[in-house]
Amino acid sequence: MAEPDDIALLQDPPMREDGEQLDEDNRLKPAFVDAVRDAVKEGDTGRAYELVEPLHPADIADLLELLEPAERYALAAAITDLMTGEVIAELNDYVRDEMMEALPAAAVATIAEQLDTDDAVQLIEDLGPEDQRAVLAELDPEDRAAIESALAYPEESAGRLMQRELVAVPEHMSVGDLIDYLRERDELTTEFWEVFVVDHRHHPIGTCELSWILRSPRHIALADVMKREQTLIPVSMDQEEVALRFQKYGLISAAVVDEGGRLVGQLTVDDIVHIIQEEAGEDALLLSGAGEGDINEPLRETYSARVRWLIANLGTAVIASLIIHAFGGAIEQLVALAVLMPVVASIGGNAGTQTMAVTVRAIATNQLTQSNTRRILTRELKVALMNGVTVAVLVGLATALVFTPQLGGVIALAVVINILTAGMAGVVVPVMFDRLDQDPAVASSVFVTMITDSMGFFAFLGLAVATGLTG
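Overview of the structure. Treat the numbers as computed from the prediction; the structure is a model and nothing was measured.

Thresholds applied
Residues numbered from 1 in each chain as written. Predicted model: local features only at pLDDT ≥ 70, side-chain atom pairs only at ≥ 80, totals over all residues. Heavy atoms only, no water. Core = buried A, V, L, I, M, F, W, Y, C linked by side-chain atoms within 4.5 Å. Buried < 20%, exposed > 50% of the residue type's maximum accessible area, 1.4 Å probe, protein only. Helix = DSSP H or I, 4+ residues; strand = E, 2+ residues; numbered from the N terminus. Pairing = 2+ DSSP bridges. Contact = heavy atoms within 4.5 Å. Salt bridge = Lys/Arg side-chain N within 4 Å of Asp/Glu carboxyl O. Polar contact = N/O pair within 3.5 Å; in protein donor to acceptor, adjacent residues only side chain to side chain. Phe/Tyr/Trp six-rings, centres within 6.5 Å; stacked < 30°, edge-to-face > 60°. Axes fitted to C-alpha atoms, helices over the stretch in contact; angles between N-to-C directions.

A look at the nonpolar core
Right, so step 1: V52, L63 and L75 are the most contacted members of the largest nonpolar core, which totals 44 residues.
Right, so step 2: Top element by residues in this core is helix 2 (residues 30-41). It accounts for five residues.
Right, so step 3: Within the second largest apolar cluster, 31 residues are counted, among which are A336, I419, A459 and A464.

Listed below in structure tokens is the structure:
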């Protein structure tokens, strides 16, 4: 029978008390952040350490991001042994780069050696060339070779993201041989979900999940229990496509192979979660022309990212203004046109934004391809027609009551035309950018807005003139 102490070891560890640091939404409490900030400002490193020590590495990273740069450096100096690789890996990219540039190369190398290869690459890749060389020179030869190999692959590719730490064994092993191998080799990675089975050329031919290994008799050959069907990820595959593979096939991990089909690394679902979050946020921000939209981004980069799209928007707005100018005489004769024409443009703009957002997401998730573009376009035009008729009836009746029935009919027809145009533009513009190998989220909003504004003004003012409303 197990002793009481043995039973205690089998039980879950005591829960970490977060009540003083975290609120009900798992965010650091302002009072706690202020207490740490005060301790740092007063130079009370002991108090700062005492406050931070109970925090999870991810919460320490959040705390550093909430502080001003000077406060971050002071806190990092006060909690040196708590600044583990886990904390660094959780930091915002800009904050991490800023802190790494302030540290000597030897300190950065020490942190990199604590991390998995993929996290170490992320730490080093954004440093300047000279800083990169200095840090790599401080690493031991094995780690340096792995990181240099990863840096040779394109950014945001599977080769950059993959971990070199994995378990690969030959197919002639039995389950018992594999269990003994895992127990005896201290140098093996300690975190993995499956074992990759390879042939004599080091090509992956199957996988064994740990649950299968633990539940199978020792004498069973791996070839009899391994799963031969697996999803292989080429080293050159873009991270967005990698994330789609994981999502589509429900993967926990996947083998990464080079051009010759050799197993060179693995990708795990924890890395993919970050990619999915990053890609989703990136597309949303690109649609608005806000660049990366990171609150820690340097002011100059934020300004540069946003102002160029504002200038582009100014150019497209001029086109709409020229259309208004062309109908200046009609507007002077019937002032109601000036009152109502922004309504037509605004409704069209909103309809275009809705369709564009759906289209960009469908392209990003491979739901919209060349095979079904025509069907999706037809569907969105049907939706636009139904929406257009509904809104047209409402705005037409309101205009007829306030102004004249004829003007109500004109604005109703203009609304239908503009919402149909918005539905077409919301699909065609992103698809066109995608066909040109450009990110459809980058500039679609500017062009869709230009089309809906221009068509809204042209349809409404043109119909007013054509029907004789302006005499």
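Thoughts on the pairing of strand 6 (residues 263-268)
Right, so step 1: Taken across its six residues, strand 6 has five buried, putting it largely inside the fold.
Right, so step 2: In terms of strand pairing, strand 5 (residues 253-257) meets strand 6 through five bridges, oriented antiparallel. Note that in strand 6 the partner of A255 across the bridge is Q266.
Right, so step 3: From the end of strand 5 to the start of strand 6, which pair antiparallel, there are five residues, and G261 there has a positive phi angle of about 85°.

Quick look at the environment of L463
Right, so step 1: Among the structural elements, L463 can be located in helix 23 (residues 440-466).
Right, so step 2: It is 9.7 Å that separates the C-alpha atoms of L463 and G409, two residues lying 54 residues apart in sequence.
Right, so step 3: When residues no more than four places from it in sequence are discounted, the contact partners of L463 are V410, L413, A414, I417 and F458.

A word on the pattern of salt bridges
Right, so step 1: Scanning the model with the defined rule gives 14 salt bridges in all.
Right, so step 2: As a salt-bridge pair, R27 and D25 come within 2.9 Å of each other at their nearest N and O atoms.
Right, so step 3: The class of D25 is partly exposed, set by a relative accessible area of 46%.
Right, so step 4: Residue D180 is joined to R218 by a salt bridge in which the shortest nitrogen-to-oxygen separation is 2.8 Å. Highlighted residues: D180 in helix 13 (residues 175-184) and R218 in the loop between helix 14 (210-215) and helix 15 (222-225), separated in sequence by 38 residues.
Right, so step 5: The exposure class of D180 is partly exposed, given its relative accessible area of 25%.
Right, so step 6: Linked through salt bridges whose partners overlap, the residues forming this network are D34, R37, K41 and E71.

Considerations on the side chain of T268
Right, so step 1: Its location among the elements puts T268 in strand 6.
Right, so step 2: Overall, the relative accessible area of 2% leaves T268 in the buried class.
Right, so step 3: Side-chain polar atoms of T268 contact the side chain of D270, separated by 2.4 Å.
Right, so step 4: When residues no more than four places from it in sequence are discounted, the contact partners of T268 are Q163, W193, F246, I252 and S253.

Describing the packing of aromatic side chains
Aromatic rings considered in pairs are described by the distance between their centres and by the relative angle of their planes.
Right, so step 1: All told, the structure shown has two aromatic pairs when counted by the stated rule.
Right, so step 2: Aromatic side chains F327 and F458 sit 6.2 Å apart centroid to centroid with 70° between the ring planes, which places their arrangement in the edge-to-face category. Here F327, found in the loop between helix 18 (299-326) and helix 19 (328-333), pairs with F458, found in helix 23; they are 131 residues apart in sequence, far enough to count as distant.
Right, so step 3: The exposure class assigned to F327 is buried, which follows from its relative accessible area of 15%.
Right, so step 4: Take F458: its relative accessible area is 48%, and that puts it in the partly exposed class.

Overview of helix 13
Residues lying three or four places apart along an α-helix face the same way, a consequence of the helix completing one turn every 3.6 residues.
Right, so step 1: Looking at helix 13, one finds that the buried residues are V175, G176, L178, I179 and Y181.
Right, so step 2: Looking at the buried positions of helix 13, the neighbouring elements they touch are strand 1 (168-170), strand 2 (194-198), helix 14 and helix 15.

Observations regarding the sheet that holds strand 2
Right, so step 1: Strand order in the open sheet made by the three strands is 1-2-3, with mixed pairing throughout. The sheet is open, and its two edges are formed by strand 1 and strand 3 (204-209), each paired on a single side. Within the sheet, the average angular offset between the axes of one strand and its neighbour, ignoring direction, is 35°.
Right, so step 2: When strand 1 meets strand 2, the two strands line up parallel, connected through three bridges. Along strand 2, the bridge assignment pairs V169 with V197.

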